[in-house]
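# Close look at the chain arrangement
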Amino acid sequence: ADIVKNQLLQVKHFVRDNRSQFIVDCDEHDDEDDKKTLTRTVKRLALVGETSIAHTLFTQPERVAGSNISNQFLELMDYMIAYRYSQSDTERAGRNMTLSKTLMRSSLADKTFAMLVWVSFNSPPAHQLDMSLFVREWKVNGHKGALHTQEWEDAERRVLARLRSVR
C-alpha cells in the first residue's frame, strides 16, 4: 500500500508539472428539449485517449520522476478508469483501506492487502448476507462447525458430574 501511495504522489506531481500536455477541448451541450445544442467549449484534463494521462503512464511510465511505475499502480488505475467512481466512492475506498490495514495487520503483503480491500469494497454489507447459505456450503465441503454439539454436551455433562460429586 505504501508503494502505491508513493507512486500516486509521483504521478500527481508529474501531472501537475506537465498539465498543459494533457489539456483537451471538450464541448458542453445544453440538453433542453432533447436538442444537443452546443453551449461552449471548455478545457479539461484528458484521463483516457491518445494524448491522455493514462496513455502516457501505460506507454511511458519511466517519464514519471525518472522511475518506473509498478504494475500494481497501473492495475489500480485501470480499475478506476473501468469502473465509474466519484469522490464519495474514492472516500469509501480510502476508508476501506484504512479499516483493512489496522495496526494488527501491518505486516500484510501488498497483494493480500489489495485483495482484501477489493473484497471489502465490492461486497455487500454483512447485514445483507444470508449466512445460512455460507454455513450450509461450508458443511457440504466437509468443514466442521465452530461448536461440536456432541462434544459440547459431553463436556458440559462431565463438568456437572464433577460439581455434583463435590457436594
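The paragraphs below set out a description of the structure included in this document. Note that this is a predicted model, so its numbers are computed, not measured. (Residues numbered from 1 in each chain as written. Predicted model: local features only at pLDDT ≥ 70, side-chain atom pairs only at ≥ 80, totals over all residues. Heavy atoms only, no water.)

## Some remarks on the overall build of the protein
We count it as follows: Going along the chain from the N terminus, every DSSP run of H or I of four or more residues is numbered as a helix, and every run of E of two or more is numbered as a strand. To sort residues, take the accessible area from a 1.4 Å probe on protein chains only and compare it with the maximum for the residue type: under 20% means buried, over 50% means exposed, and anything in between is partly exposed. All accessible-area figures derive from a Shrake-Rupley calculation using a 1.4 Å probe, and residue coverage is judged against the displayed protein chains alone.
Regarding its fold elements, the protein presents seven helices and two strands. Across the protein, helices and strands are ordered from the amino to the carboxyl terminus as α-β-β-α-α-α-α-α-α. Looking at the 167 residues of the protein, the share that counts as buried comes to 15%. A total of about 13600 Å² of accessible surface is found on the protein, and carbon and sulfur atoms cover 56% of it.

## Notes on the packing of helix α4 (residues 87–100) against helix α5 (residues 110–122)
Applicable threshold: Fitted lines through C-alpha atoms serve as axes, helices being fitted only where they are in contact, and the angles separating the N-to-C directions of these axes extend from 0 to 180 degrees. Should an angle lie under 35 degrees it is considered roughly parallel, over 145 roughly antiparallel, and from 65 to 115 roughly perpendicular; all remaining angles are considered oblique. Each helix crossing is assigned a hand: it is left-handed if the near helix lies turned anticlockwise from the far helix by less than a right angle, otherwise right-handed if that turn is clockwise. Contacts were defined at the residue level, with two residues in contact if any of their heavy atoms lie within 4.5 Å. Side-chain classes follow a simple rule in which Ala, Val, Leu, Ile, Met, Phe, Trp, Tyr, Cys and Pro form the nonpolar group, Asp, Glu, Lys and Arg form the charged group, and the remainder, Gly included, forms the polar group.
It is at 9 Å that the axes of α4 and α5 come closest, and there the two elements cross at 125 degrees. What the angle tells us is that α4 and α5 run oblique. α4 and α5 meet at a crossing whose hand is right-handed. Every residue of α5 that contacts α4 at Asp89, Arg92, Ala93, Asn96, Met97 and Ser100 is listed here: Phe113, Leu116, Val117, Ser120 and Phe121. The residue makeup of the contact of α4 with α5, split by class, is six nonpolar, three polar and two charged.

## Details of the packing of helix α1 (residues 2–17) against helix α3 (residues 71–82)
At a minimum axis distance of 9 Å, the contact between α1 and α3 shows a crossing angle of 70 degrees. When the interaxial angle is binned, α1 and α3 end up roughly perpendicular. The residues of α3 that touch α1, namely those facing Val4, Gln7, Leu8 and Val11, are Gln72, Phe73 and Leu76. Its residues placed into classes, the contact of α1 with α3 shows five nonpolar, two polar and no charged.

## With respect to the pattern of salt bridges
Rule in force here: Each reported salt bridge corresponds to a side-chain nitrogen of Lys or Arg within 4 Å of a carboxyl oxygen of Asp or Glu.
The tally for this structure, following the rule as stated, stands at two salt bridges. Among the ionic pairs, Arg16 bridges to Asp17, the shortest N-O distance being 3.3 Å. The pair formed by Arg16 and Asp17 is uniform in burial state, with each residue classed as exposed. A salt bridge links Asp25 to Lys43; the nearest nitrogen and oxygen atoms lie 2.8 Å apart. On the criterion of sequence distance, the pair formed by Asp25 in strand β1 (residues 23–30) and Lys43 in strand β2 (residues 37–45) is long-range, its members being 18 residues apart. Summarising the burial analysis for this pair, Asp25 and Lys43 share the class exposed.

## Looking at the packing of aromatic side chains
What counts here: What counts as a ring pair is set by centres within 6.5 Å for rings of Phe, Tyr and Trp (its six-membered ring), and what kind of pair is set by the plane angle: stacked under 30 degrees, edge-to-face over 60, tilted for all other angles. Geometrically, a lysine NZ or arginine CZ counts as sitting over a ring once it is within 6 Å of the ring centre and also within 35 degrees of the ring normal.
One pass over the structure, following the stated rule, counts one aromatic pair. Lys101 extends its terminal NZ or CZ atom over the ring of Phe113, reaching a point 5.1 Å from the ring centre.

## A look at helix α6 (residues 131–140)
Sparse coverage of α6 is indicated by the burial of zero of its 10 residues. Gly142, located one to two residues past α6, shows a positive phi value of around 90 degrees.

## A word on the nonpolar core
Rule in force here: We call a set of buried residues a nonpolar core when its members are Ala, Val, Leu, Ile, Met, Phe, Trp, Tyr or Cys and they connect through side-chain atoms within 4.5 Å of each other.
Judged by nonpolar contacts, the single largest core of 13 residues is most densely connected at Val11, Ile53, Leu57, Val64, Ile69, Phe73 and Met77. Elements with a minimum of two residues in this core: α1, α2 (53–59) and α3. Element by element, the count of residues in this core is highest for α1, at four residues.

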